[in-house]
Amino acid sequence: MLAVWLFVVWVALFGSLTPGVIIGGLIVAGGLAWLFRRIAPRWPEAFLHPVQAWKFMVHFAAQLAASTIDVIRALAIPRDELRPAIVEVPLRVRTRNEVTLLMNSISFTPGTVALELHDTYLYVHVLSTKTPDEVVAEIVTMEGYIMDAFGEGRIVENDEQNR
C-alpha cells in the first residue's frame, strides 16, 4: 500500500506519465516501501472501523472535558485533600496499536499519566481519586471503545452474562 501511495504522489508531483517518470516512480516508491517495511502498520490490525472510531473520539473528547474540569477543581482544594494514586489496571487490549492508543489517551487526559506497562497490567498515576475502582472502570470503558474501533469487540468478563 505504501508503494502504491508513494507512486501516485510521485506521478502527481511530476504531473506527467512519461516513461522516465513512471520508471523513476516505481524505483523510488518500491525502494522506500522496502526500506520502511519493518515499521509499516500490520494489516488488517491497523484498520479502524470509522463509526466505532468516531464513538471513541466523542468519548475521549467528553473525558478530556470532564478531566479538565476535575483538575481545575483540584487546584482549588487544599493539597491535604488530594488523593494521588498509582492504580494497576488489567488490560484486555493486545495489539501494539491498541495499547499505544490507550496509553496515549490516558496520558493526554489531564490529571492522569500512563506510567508503565507490565505484561497485561498498566500502571496509571491519577491526580485525585475517590476509589481506584472508579479509575479502573473509566479506563476499561475507554479500552472497550478502542477495542470496538479496531474490530476486536468487547470481551465479556462475567460468566453470568454469557448464560
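Keep in mind that this is a model prediction, so the values were computed, not measured.

Criteria and thresholds
Residues numbered from 1 in each chain as written. Predicted model: local features only at pLDDT ≥ 70, side-chain atom pairs only at ≥ 80, totals over all residues. Heavy atoms only, no water. Axes fitted to C-alpha atoms, helices over the stretch in contact; angles between N-to-C directions. Helix = DSSP H or I, 4+ residues; strand = E, 2+ residues; numbered from the N terminus. Parallel < 35°, antiparallel > 145°, perpendicular 65-115°, else oblique. Left-handed = near helix turned anticlockwise from the far one by under 90°. Contact = heavy atoms within 4.5 Å. Nonpolar A, V, L, I, M, F, W, Y, C, P; charged D, E, K, R; others polar. Buried < 20%, exposed > 50% of the residue type's maximum accessible area, 1.4 Å probe, protein only. Phe/Tyr/Trp six-rings, centres within 6.5 Å; stacked < 30°, edge-to-face > 60°. Core = buried A, V, L, I, M, F, W, Y, C linked by side-chain atoms within 4.5 Å. Salt bridge = Lys/Arg side-chain N within 4 Å of Asp/Glu carboxyl O.

Caption draft 1: Region of the structure containing the packing of helix 3 (residues 50-76) against helix 5 (residues 132-149). Remark: helix 3 packs on helix 5, axes separated minimally by 7 Å, with the N-to-C direction vectors making an angle of 155°. When the interaxial angle is binned, helix 3 and helix 5 end up roughly antiparallel. For helix 3 against helix 5, the interelement crossing comes out left-handed. In contact with Q52, A53, K55, F56, H59, F60 and Q63 of helix 3, helix 5 contributes E138, T141, M142, Y145, I146, D148 and A149. By residue class, the composition of the contact of helix 3 with helix 5 is 7 nonpolar, 4 polar and 3 charged.

Caption draft 2: Highlighting the side chain of E143. In this fold, E143 is placed in helix 5. Accessibility expressed as a relative area gives 0% for E143, which makes it buried. When residues no more than four places from it in sequence are discounted, the contact partners of E143 are P90, L91, R92, V93 and L102.

Caption draft 3: Spatial organisation of the packing of aromatic side chains. Counted under the stated rule, the structure contains 2 aromatic pairs. Seen from their ring centres, W10 and F14 are 5.0 Å apart, and the 45° between their planes marks the pair as tilted. Here W10 pairs with F14, and both are found in helix 1 (residues 2-14), just 4 residues apart, close to one helical turn. With relative accessibility at 23%, the residue W10 sits in the partly exposed group. Residues F56 and F60 carry aromatic rings whose centres are separated by 6.1 Å and whose planes lie at 20° to one another, so their mutual orientation is stacked. Here F60 and F56 lie together in helix 3, a separation of 4 residues that amounts to about one turn. Like F56, the residue F60 is buried in the burial classification.

Caption draft 4: Region of interest: the nonpolar core. One finds V93, L102, I106, L122, V124, I139 and I146 to be the most contacted residues of the largest nonpolar core, which totals 20 residues. When contributions to this core are tallied by element, the ones reaching two or more residues are helix 3, strand 1 (85-90), helix 4 (96-108), strand 3 (121-126) and helix 5. The leading source of residues in this core is helix 5, at 6 residues. Those residues in contact with L102, other than ones at most four positions away along the chain, are L91, V93, L122, I139, M142, E143 and I146.

Caption draft 5: Inspection of the pattern of salt bridges at higher detail. Applying the stated criterion to the full structure yields 2 salt bridges. Ionic pairing is found between R73 and D70, a salt bridge with its closest N-O pair at 3.9 Å. Residue R73 and its partner D70 are both found in helix 3; the two are separated by 3 residues, about one turn of the helix. Look at R73 and you get exposed, because its relative accessible area is 56%. Of the charged contacts, one joins E143 and R92 as a salt bridge, the two residues approaching to 3.2 Å between their closest N and O atoms. Taken as a pair, E143 in helix 5 and R92 in the loop between strand 1 and helix 4 lie far apart in primary sequence, 51 residues in all. Among the residues examined, R92 registers a relative accessible area of 12% and is labelled buried.

Caption draft 6: View of unusual backbone geometry. With a phi close to 50°, D119 is a non-glycine residue in the positive phi region. With respect to the element layout, D119 can be found in the loop between strand 2 (112-118) and strand 3.

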